[in-house]
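Here are the chains, one letter per residue:
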Amino acid sequence: MRGFSQSITYLRESPPTRRIDAIRERLKRESRDIINLSAGQPGLPPPIEVRSLLAKQLVEENSMELYGYTPSQGILELREAVSEDLKRLGGINIDPGNIVIITGGQEGMFATFMTILNPGDEVILLDPTYFGYKPIIEYFGGRIKRLGLRMDDGFRIDIEKLKELVTNRTKALVIVSPDNPTGNIIDRDTAKAIADLARDENFWIISDEAYRTLIYEGEHTYMYRYAPDNVISINTFSKDPGIPGWRLGFIYGPSDAIPKLKLAAEEMTYCPPVIAQKFVSMYLRSEARMKHMRYIVEEYRSRRDAAIESLRNYLPEARFIVPRGSMFVFADLSNYISNSEKFAEVLLEKFGVTVIPGTYFSDIYKSAIRISFVVENADRIRLGIKRIHDAINEYGKSL
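Residues numbered from 1 in each chain as written. Predicted model: local features only at pLDDT ≥ 70, side-chain atom pairs only at ≥ 80, totals over all residues. Heavy atoms only, no water.

Its location among the elements puts G97 in the loop between α3 (76-90) and β2 (99-102). A sequence separation of 37 residues divides G97 from E60, and the C-alpha atoms of the two residues are 31 Å apart. (Helix = DSSP H or I, 4+ residues; strand = E, 2+ residues; numbered from the N terminus.)

Put into structure tokens, the structure is as follows:
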């Protein structure tokens, strides 16, 4: 019988941000000046020292080493480098055998839920949180329960309210820290309380660490430290060193989960791209690694500060917390607009600025927008936020 899987209906044609990207590219072809405050990818390339090393190897290597298949779990050299890096930055000891190299964080998310979910299992998502998890969970038959977070409370996780959501069907809790879209960071006490609950109630913590090196104040808390048997951590190299188009990341977790995660990833892409694996191996073990990390954090902090200053100047009734990590400010514009999706479309089409509507991340903050501060320089960020002010002045009451 000819037909299609009912599950495929849970997957959108593309992530919502790609729709914004498509409109932006069309307007750019029309020679419009588009200020990009929407993209979740870096505005700074990897260090030239490492790019030069890879270029030299590409020219001089005459074997198939840079062009062939690799082990589906990833090359040992890279897994060892990742293990060393986790020890250096986080003080956690992860055996290279408990690391799976993946073709980007999106594959890591898909492989993780392919591995752990059965139809009817419950997964707790925060609200707001990254929009990519919902369709994947629903594709595998999972049921989503949301824990609402309050901006007035700094998007703090209320452990007692979390406990109320946990049932005997709870399979996992997803934590993104530093967070996309809010930039909030889980503190140690909260991490410990969540870990205790996961052990007591026997559910997984899916720890999304995509922005773990982009910290402006405070520090990243590694959930794995507090519940190693219950934590699967998803990481990407799209943010640091900044190779989103090369599609590379890694998962680490307990030894009973790793073989299954490896098989899931293997069925999707067979093996990660070898050129990206070689590049990141060089990067993590180079003298440029820590220098580059300090450089991008300093630069992105200055751009964040420009965004915060401009929001306060041009949109004094906007509500937000100053992000301590990641790439974004999540600004509630409910004092100005009511529909963030309509506003984002008008802002792009009429004023040439891209932002992401808050409805993509939240059922609560329908008048919020996510502003990226890493793609454009500080002057362009200021101009973009001024254009947001102009758009509100002209169209705000109708939106």
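Next comes the rest of the description.
What follows covers the sheet that holds strand β5 (residues 170-176). Read across the sheet, seven strands follow the order β2-β8-β7-β6-β5-β3-β4 without closing on themselves; strand pairing throughout is mixed. What marks the edges here is a single partner per strand, and that holds for β2 and β4 (143-148). The mean angle between the axes of side-by-side strands here comes to 20°, regardless of whether they run parallel or antiparallel. Judged from the four bridges that link them, strand β6 (residues 204-208) and strand β7 (residues 231-236) form a sheet pairing that is parallel. (Pairing = 2+ DSSP bridges. Axes fitted to C-alpha atoms, helices over the stretch in contact; angles between N-to-C directions.)

The geometry of helix α11 (residues 340-351) relative to helix α12 (residues 378-395) is characterised by a closest axis approach of 10 Å and an angle of 110° between their N-to-C directions. Comparing the axis directions of α11 and α12 gives the class roughly perpendicular. Taken together, the residues of α12 that come into contact with α11 (itself represented by F343, V346, L347, K350 and F351) are R387, I388, D390, A391, I392, E394 and Y395. (Parallel < 35°, antiparallel > 145°, perpendicular 65-115°, else oblique. Contact = heavy atoms within 4.5 Å.)

Moving on: the nonpolar core. Counting residues in each nonpolar core, the largest one holds 84 residues, and the members touching the most others are V82, F113, Y133, I157, I194, I206 and Y252. Among the elements that line this core, the one with the most residues is helix α9 (residues 274-284), at six residues. The contact partners of I206, leaving out residues within four places of it in the chain, are T112, F113, I116, A172, L173, V174, I175, I232 and I234. With 40 residues, the next largest nonpolar core counts L44, Y216, F373 and A391 among its residues. (Core = buried A, V, L, I, M, F, W, Y, C linked by side-chain atoms within 4.5 Å. Buried < 20%, exposed > 50% of the residue type's maximum accessible area, 1.4 Å probe, protein only.)

Viewed as axis vectors pointing N to C, helix α10 (residues 288-314) and α12 meet at an angle of 25°, and their least axial separation amounts to 9 Å. Here α12 runs roughly parallel to α10, going by the angle between their axes. Judged by the twist between their axes, the crossing of α10 over α12 is right-handed. The segment α10 lies against α12, with R303, A306, A307, E309, S310, L311 and Y314 engaging A378, I381, R382, I385, K386 and H389. Split into classes, the residues belonging to the contact of α10 with α12 amount to seven nonpolar, two polar and four charged. (Left-handed = near helix turned anticlockwise from the far one by under 90°. Nonpolar A, V, L, I, M, F, W, Y, C, P; charged D, E, K, R; others polar.)

Attention shifts here to the packing of aromatic side chains. With the rule as written, the count across this model stands at 20 aromatic pairs. Ring plane angle 90° and centroid distance 6.1 Å describe the contact between Y130 and Y133, whose orientation is recorded as edge-to-face. Comparing Y130 with Y133 shows no difference in burial state: the two are buried. Ring plane angle 70° and centroid distance 5.4 Å describe the contact between Y224 and Y252, whose orientation is recorded as edge-to-face. Taken as a pair, Y224 in the loop between β6 and β7 and Y252 in strand β8 (residues 249-252) lie far apart in primary sequence, 28 residues in all. (Phe/Tyr/Trp six-rings, centres within 6.5 Å; stacked < 30°, edge-to-face > 60°.)

Quick look at the environment of A288 now. Following the sequence through the fold, A288 ends up in helix α10. On the basis of relative accessibility, which here comes to 8%, the residue A288 falls in the buried class. For the pair A288 and F203, spaced 85 residues apart in sequence, the C-alpha separation works out to 39 Å. Setting aside chain neighbours within four positions, we find A288 in contact with P47, E49 and V50.

Two side chains that carry opposite charge are able to pair once their charged atoms sit near each other. Under the defined criterion, the tally for this structure stands at 31 salt bridges. Residue K278 pairs with E77 through a salt bridge whose shortest N-O separation is 3.6 Å. Taken together, the positions of K278 in helix α9 and E77 in helix α3 put the pair 201 residues apart, joining distant regions of the chain. The class for K278 is buried, based on a relative accessible area of 10%. (Salt bridge = Lys/Arg side-chain N within 4 Å of Asp/Glu carboxyl O.)

Looking now at unusual backbone geometry. A cis amide bond links S177 with the next residue in sequence, P178, at an omega value of -10°. Here P178 shows up in the loop between β5 and α7 (188-201). The residue after D240, namely P241, is reached through a cis peptide bond having omega 15°. Residue position: P241 is located in the loop between β7 and β8. You will see that F155, though not glycine, has its phi angle at about 55°, which is positive. You can call F155 buried: its relative accessible area is 3%.

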